[in-house]
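# Remarks on the overall topology
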Amino acid sequence: MEPLRSADLSRALINASRKEATSLKVPFDLETVPWERLDYLGFSDPKSPQRAYLFVPVDQQVIGAILRVTPASRNQALCSWCEDVTETTGVRMFTAKRAGAAGRSGNTVGTLLHADFSCSQHVRRKPTSFEGKHDPDRFMADRITALKLHAEQFMRRVSTQV
Ligand SMILES: [Zn+2]
């Protein structure tokens with residue numbers, strides 16, 4: 001994805017109050033982010049670990065959302081975004097308030113997602129011997145495309161334009 005600056009992030013939030021948007025603090029240096037290997041940007045709020053931020057390119061712009069993560073369960077789960085079958089631990093249910101009036105009346109959307117937002121790494125791994133044995137590059141490219149699509153679909157649901 002294209003590099004983002006801190007001001008871009010606050011502006012991109014579609015389900016945040018003005019106060020929430022202006023109090024957004026990125027807990028790392030955006031200059032050090034490997035943007036070319038990322039399909040979306042996600043991070044937790046260090047001061048409030050139940051709160052997370054996601055930023056996804058949708059139609060030549062970036063849509064951001066605030067999410068809440070449910071506490072860890074012991075079960076393994078398939079991440080709905082990268083659908084990686086080898087990395088099924090550390091997947092949590094995240095919920096986002098929908099944008100606008102829908103969100104204010106308590107309407108949320110949820111997704112299972114890697115809690116460390118590592119999906120972009122998982123889709124770039126080499127296939128196992130059962131997966132894409134004949135064309136590893138194609139295997140990786142298809143998974144990157146699928147991750148982008150799942151991320152985009154979720155953000156469209158948050159923004160209520162399905
Ligand atoms: Zn994932």
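So, here is what we can say about the structure in this document. (Residues numbered from 1 in each chain as written. Predicted model: local features only at pLDDT ≥ 70, side-chain atom pairs only at ≥ 80, totals over all residues. Heavy atoms only, no water.)

### Remarks on the overall build of the protein
Which entries qualify depends on this criterion: Elements are defined by DSSP. Helices are runs of H or I of four residues or more, strands are runs of E of two residues or more, and each kind is numbered from the N terminus. Radius of gyration here is computed from C-alpha atoms only, and the compact-globule reference equals 2.2 Å multiplied by the residue count raised to the power 0.38. Exposure is judged per residue with a 1.4 Å probe applied to protein chains only, and the accessible area is read against the type maximum: over 50% gives exposed, under 20% gives buried, and values in between give partly exposed. In what follows, residue pairs with any heavy atoms lying within 4.5 Å of each other are defined as contacts. Accessibility throughout is a Shrake-Rupley quantity obtained with a 1.4 Å probe, and a residue counts as covered only by protein chains that appear here. Working convention for charge: Lys and Arg count positive, Asp and Glu count negative, and His plus the chain ends are omitted. Lysine's charge is taken at NZ, arginine's at CZ, aspartate's at CG and glutamate's at CD.
Broken down by element type, the protein carries 5 helices and 5 strands. Helices and strands in the protein line up, N terminus first, as α-α-β-β-β-β-α-β-α-α. Here the protein has a C-alpha radius of gyration of 16 Å; the compact-globule value for 162 residues is 15 Å, and the two agree. Summarising its shape, the C-alpha atoms of the protein cover approximately 50 × 35 × 30 Å along the three principal directions. For the protein, the proportion of its 162 residues judged to be buried stands at 42%. Long-range pairs, those at least 24 residues apart, make up 57% of the contacts in the protein between residues at least 6 apart in sequence. For the protein, the exposed area adds up to about 9,400 Å²; of that, 50% sits on carbon and sulfur atoms. Of the side-chain charges in the protein, 23 are positive and 18 negative, and the distance between the mean point of each set is 9 Å.

### Examining the coordination of the zinc ion
As a reminder, the rule being used: For Na, K and Ca the donor cut-off is 3.2 Å, while for other metals it is 2.8 Å, and in both cases only N, O and S atoms qualify; water is not among them, so sites may look incomplete. Any coordination sphere not matching a tetrahedral pattern (four donors, all angles between 85 and 135 degrees) or a square planar or octahedral pattern (four or six donors, opposite donors over 155 degrees apart, other angles between 65 and 115) is reported as irregular.
Binding of the zinc ion to the protein goes through Cys79 (SG), Cys82 (SG), His114 (ND1) and Cys119 (SG), at separations of 2.1 to 2.4 Å. What the 4 donor atoms of the zinc ion show is an angle range of 97 to 120 degrees at the metal, which sorts the shape as tetrahedral. One chain supplies every donor to the zinc ion, and in sequence these donors are spaced C-x2-C-x31-H-x4-C. Using a relative accessible area of 0% as the deciding quantity, one classes Cys119 as buried.

### Things to note about the pairing of strand S1 (residues 41-45)
Selection rule: Paired strands, in this sense, are two strands between which DSSP finds at least two bridges.
A large share of S1 lies buried, amounting to 4 of its 5 residues. Pairing analysis gives 5 bridges linking S1 to strand S2 (residues 48-58), with the strands arranged antiparallel. Looking across to S2, one finds that Gly42 is bridged to Leu54. Two successive antiparallel strands, S1 and S2, enclose a turn made up of 2 residues.

### Observations regarding the nonpolar core
Under the convention used in this document: In plain words, nonpolar cores are sets of buried Ala, Val, Leu, Ile, Met, Phe, Trp, Tyr and Cys residues tied together by side-chain atoms within 4.5 Å.
Within the largest apolar cluster, 27 residues are counted, with the highest numbers of intra-cluster contacts made by Tyr40, Leu54, Trp81, Leu113, Cys119, Phe154 and Met155. Listing elements by their share of this core, those giving two or more residues are S2, strand S3 (61-69), strand S4 (91-97), strand S5 (108-114) and helix H5 (136-158). In terms of residue count, H5 provides more of this core than any other element does, 6 residues in total. Once you skip the residues sitting within four places of it in the chain, Phe154 turns out to touch Leu67, Trp81, Ala96, Val109, Gly110 and Thr111. Formed by 16 residues, the second largest nonpolar core is a distinct cluster that contains Trp35, Leu38, Leu41 and Phe43.

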